[in-house]
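Take a look at the letters that make up each chain.
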Amino acid sequence: MDYVTGLRCRECGRQYPVEALNICDYCFGPLEVVYDYDAVAAATSREKIAAGPQTIWRYSELLPVSDPVPIDLGAGCTPLVRADRLAAELGLGELWVKNDTVNPTGSFKDRVVSVALTKARQLGFKVAACASTGNLANSVAAHAARAGMVSVVFIPSDLEVAKVVTTAVYGGNSVAVEGTYDDVNRLCAELSSEHPSWAFVNVNIRTYYAEGSKTLAFEVAEQLGWRAPDHVVVPVASGSQLTKVAKGFSELYKVGLLDEEPHVRISGAQAAGCSPVATAYADGADVIRPVKPHTIAKSLAIGNPADGWYALKTVRDSGGAFAAVTDEEIIEGIRLLARTEGIFAETAGGVTIASLMKLVASGVVRPDERVVAYVTGNGLKTVEALAPVVGPTATIAPTLQAFAAAVDVDADNYTRSST
Amino acid sequence: MSVTVRIPTQLRPLAGGAGEVALDGTTVGEVLKALDGAHPGFADRLFDDDGALRRFVNVFLADEDVRFLQGLETPVGEGQTLSIVPAVAGG
């Protein structure tokens, strides 16, 4: 069983039944899942979770759908890596990287899609659809294949090759739209009115879908021995993930899984070429002005972020900050994480690491804090960004002489290339 | 100028269930006011107390967000399509 009592508008509080609804009929505000937290508290425990599956479904009491056999490729339970080398480079003390690059389709989207499609199937949907910057399309196509559902995914036509291929391989319908992600999103918002029998995971199923991101907080707390971190850095596209990470930590306390009320500072990371929320933060504004994205971080290229306002508010209320980083800084962030910790992130992960660097430099993220950086997509998806700047350190003839002339390895005085 | 206004599911009951309504006006704001004139109730749903578009309402003229144009003052042309689209989607 699940512990959902209904849906509620985050803006005006109007209540709605547990159906495929994402916005308030009256004010268009987003709907939130309402849980019976007392019942969850009675039903869950650290021991029960520890004995659960090695997936997001170990936290099923705090997810909006319950199914003995969810639509599952194994999302979640990704490594939380203590990042001492990166911490040393940045001048931090206790730094952890949540390595969500290793999910089944290579990004955190598997968390939200597993939840969304399991709920969609329960609600009777047979078609899985989405508007995607790439990672979501990968994940919807894969999970729909697993579930035997029809899939129709929509992506901007200028995506990275890997994201197009790793979506198309699953055999569903993948539609490349001539335009930006915001164009794709607008099209899907309109299509969802025309095709109410389709489950657009991030339109009509979005209320449930977004809840999957809470597992990013649940896992970090469990992996830290049921303690919350002091500060997290989260990439921001629509802003949904950041707000749900915050919600996740606070729910753990609400249901008794954390002993102390967490006070997690939450900072947001954006690419300078698409930073509507970071700009509003910097300007002290309450209105998010949409932008036209120009960044290599295509998975974060949402110029009109649906949850931008809530992400802004969450960051401000928690005492965090926003950073925005250039394409060059994104590349450097990817390389820094790779050479210090052996983790290859996609461009969005480069945004997180480069933003972390900036936030450390500006004194927002401090050496006395337990810090977690969320790295949410795999570098193999965006190799185009790195191909011009990294390659073999030597190309030689297959002879001992050529090797000796070209390569000098001193294991006692070794520094990895950073240029 | 006669323009077509596309209505999202949530607001179709106000327009008798129609997904599209043809209306006259010379700016986006005038067309939306005409929509409220033809089907009372729209203004309350689309505008806040200051008369600005609500935070979670997007309006597109010929597929461009009117916030990138001149907002409610944006001129409309004969035969153009104005789409009202809920903002909370995507990501």
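Our structure's up above, just so we're on the same page.
What you see is a predicted model; the values in this text were computed from it and never measured. (Residues numbered from 1 in each chain as written. Chains lettered and ligands numbered in written order. Predicted model: local features only at pLDDT ≥ 70, side-chain atom pairs only at ≥ 80, totals over all residues. Heavy atoms only, no water.)

1. Describing the sheet that holds strand 3 (residues 31–35) of chain A
All names here are of chain A. Rules: For two strands to pair, DSSP has to find at least two bridges joining them. Put simply, DSSP H or I for four residues or longer makes a helix, DSSP E for two residues or longer makes a strand, and each gets a number counted from the N terminus.
Pairing in this open sheet of 3 strands is antiparallel, and the strands run 2-1-3 from one edge to the other. On the outer flanks of this sheet lie strand 2 (15–16) and strand 3, each paired with one strand and no other. In this structure, strand 1 (residues 4–9) lies alongside strand 2, joined through 2 bridges in antiparallel fashion. Counted as the bridge partner of Leu7 is Tyr16 from strand 2.

2. Quick word on empty space enclosed by the protein
In plain terms, the rule: A cavity, in this analysis, means grid points on a 1 Å lattice covering only the protein atoms where a 1.4 Å probe fits yet has no way out; a pocket is instead an open set bounded by protein on both sides within 12 Å along at least five of seven lines, and a residue lines either one if it has an atom within 4 Å of a point. Grid points are joined across faces, edges and corners, and a volume is the space filled by probe spheres set on the points. Gly is put with the polar residues, along with every residue not named as nonpolar or charged; the nonpolar set is Ala, Val, Leu, Ile, Met, Phe, Trp, Tyr, Cys and Pro, and the charged set is Asp, Glu, Lys and Arg.
This structure, assessed with the given rule, holds 4 cavities of 30 Å³ or more. The wall of the largest cavity is formed by 27 residues, among which Phe108(A), Lys109(A), Ala237(A), Ser299(A) and Gly91(B) lie closest to the centre. Its residues placed into classes, the lining of the largest cavity shows 13 nonpolar, 12 polar and 2 charged. Approximately 130 Å³ is the volume attributed to the second largest cavity. Around the second largest cavity sit 14 residues that line it, and Pro30(A), Leu31(A), Glu32(A), Arg206(A) and Asp307(A) are the ones nearest its centre. Ranked by the residues each element gives to the lining of the second largest cavity, the list is headed by helix 10 (residues 240–254) of chain A, at 3 residues. Looking at side-chain class alone, the lining of the second largest cavity contains 5 nonpolar, 4 polar and 5 charged residues.

3. Quick notes on the packing of helix 9 (residues 215–223) of chain A against helix 10 of chain A
Residue and element names in this part refer to chain A. Under the convention used in this document: Fitted lines through C-alpha atoms serve as axes, helices being fitted only where they are in contact, and the angles separating the N-to-C directions of these axes extend from 0 to 180 degrees. Comment on the angle field: the value is read as roughly parallel under 35 degrees, roughly antiparallel over 145, roughly perpendicular from 65 to 115, and oblique elsewhere. Here is the rule for handedness: rotate from the far helix to the near one, and if that takes an anticlockwise turn smaller than a right angle the crossing is left-handed, while a clockwise turn gives right-handed. Contact criterion: two residues are considered in contact whenever any of their non-hydrogen atoms come within 4.5 Å of each other.
As a packed pair, helix 9 and helix 10 sit with axes 7 Å apart at the nearest point and diverge in direction by 50 degrees. The orientation of helix 9 with respect to helix 10, classified from their angle, is oblique. Helix-helix and strand crossings are classified by hand; for helix 9 and helix 10 the assignment is right-handed. Here helix 9 contributes Leu216, Ala217, Phe218, Val220 and Ala221 to the contact with helix 10, which in turn contributes Gln241, Val245, Gly248, Phe249, Glu251 and Leu252. When the residues that make up the contact of helix 9 with helix 10 are grouped by side-chain class, the tally is 8 nonpolar, 2 polar and 1 charged.

4. Notes on the interface of chain B and chain A
Counted only if it meets this: Note on definitions: buried area is the accessible-area loss of two parts on being combined, 1.4 Å probe, summed for both. Salt bridges are defined by distance alone: a side-chain nitrogen of Lys or Arg within 4 Å of a carboxyl oxygen of Asp or Glu.
With 28 residues of chain B at the interface, the matching set in chain A holds 34 residues. Interface of chain B and chain A: buried area, both sides summed, is about 2700 Å²; carbon and sulfur atoms make up 53% of it. Among the residues of chain B in contact with chain A, Phe56(B), Val88(B) and Gly91(B) are the three that bury the most area, contributing 25% of the side total. Between Arg6(B) and Glu194(A) there is a salt bridge, with the nearest N and O atoms lying 3.1 Å from each other.

5. Some details on the pairing of strand 7 (residues 150–156) of chain A
Residues and elements named next belong to chain A. Test applied: Under the scheme applied here, a residue whose accessible area is under 20% of the maximum for its type counts as buried, over 50% as exposed, and between as partly exposed, the area being computed with a 1.4 Å probe on protein chains only. Look down the strands so they point away from you; if the path from the first strand over the helix to the second goes clockwise, the crossover is right-handed.
Among the 7 residues of strand 7, 6 are classified as buried, and the element is accordingly described as predominantly covered. Sheet topology note: the strand 6 (residues 127–131)/strand 7 ladder contains 5 bridges and is parallel. For Ala129, the partnering residue across the bridge sits in strand 7 and is Val152. After leaving strand 6, the chain enters helix 5 (residues 135–147) and then returns to the sheet as strand 7, a path that is right-handed.

6. Focus on the pairing of strand 6 of chain A
Residues and elements named next belong to chain A. With 5 of its 5 residues buried, strand 6 lies for the most part within the structure. Because side chains alternate across strand 6, one face comprises the buried residues Val127, Ala129 and Ala131, and the other comprises Ala128 and Cys130, equally buried. Pairing of strand 6 with strand 9 (residues 198–200) involves 3 bridges; the strand directions are parallel. When the sheet's bridge partners are listed, Ala128 is paired in strand 9 with Ala199.

7. Brief notes about the packing of aromatic side chains
Residues and elements named next belong to chain A. Let me state the cut-off plainly: Aromatic pairs are defined between Phe, Tyr and Trp rings, using the six-membered ring for Trp, whenever the two ring centres lie within 6.5 Å; interplanar angles under 30 degrees are classed as stacked, those over 60 as edge-to-face, and all others as tilted.
The tally for this structure, following the rule as stated, stands at 6 aromatic pairs over all chains. Taking 6.3 Å as the distance between ring centres and 20 degrees as the angle between the ring planes, the aromatic pair formed by Phe154 and Phe200 counts as stacked. With a gap of 46 residues between them, Phe154 in strand 7 and Phe200 in strand 9 connect regions that are remote in the sequence. By relative accessible area, Phe154 is classed as buried at 6%. Classification of Phe200 as buried rests on a relative accessible area of 0%. Taken together, a centroid distance of 5.8 Å and an interplanar angle of 50 degrees make the contact between Tyr281 and Phe322 tilted. Remark: Phe322 occurs in strand 12 (residues 322–325) and Tyr281 occurs in helix 11 (residues 276–283); sequence separation between them is 41 residues. Residue classification places Tyr281 among the partly exposed residues on the basis of a relative accessible area of 27%.

8. Some details on the side chain of Asn58(B)
Here Asn58(B) lies in strand 3 (residues 57–61). Given a relative accessible area of 6%, Asn58(B) falls into the buried group. Ignoring anything within four residues of it in the chain, the contact list for Asn58(B) reads Asn304(A), Asp65(B), Arg67(B), Ser83(B), Ile84(B), Val85(B) and Ala87(B).

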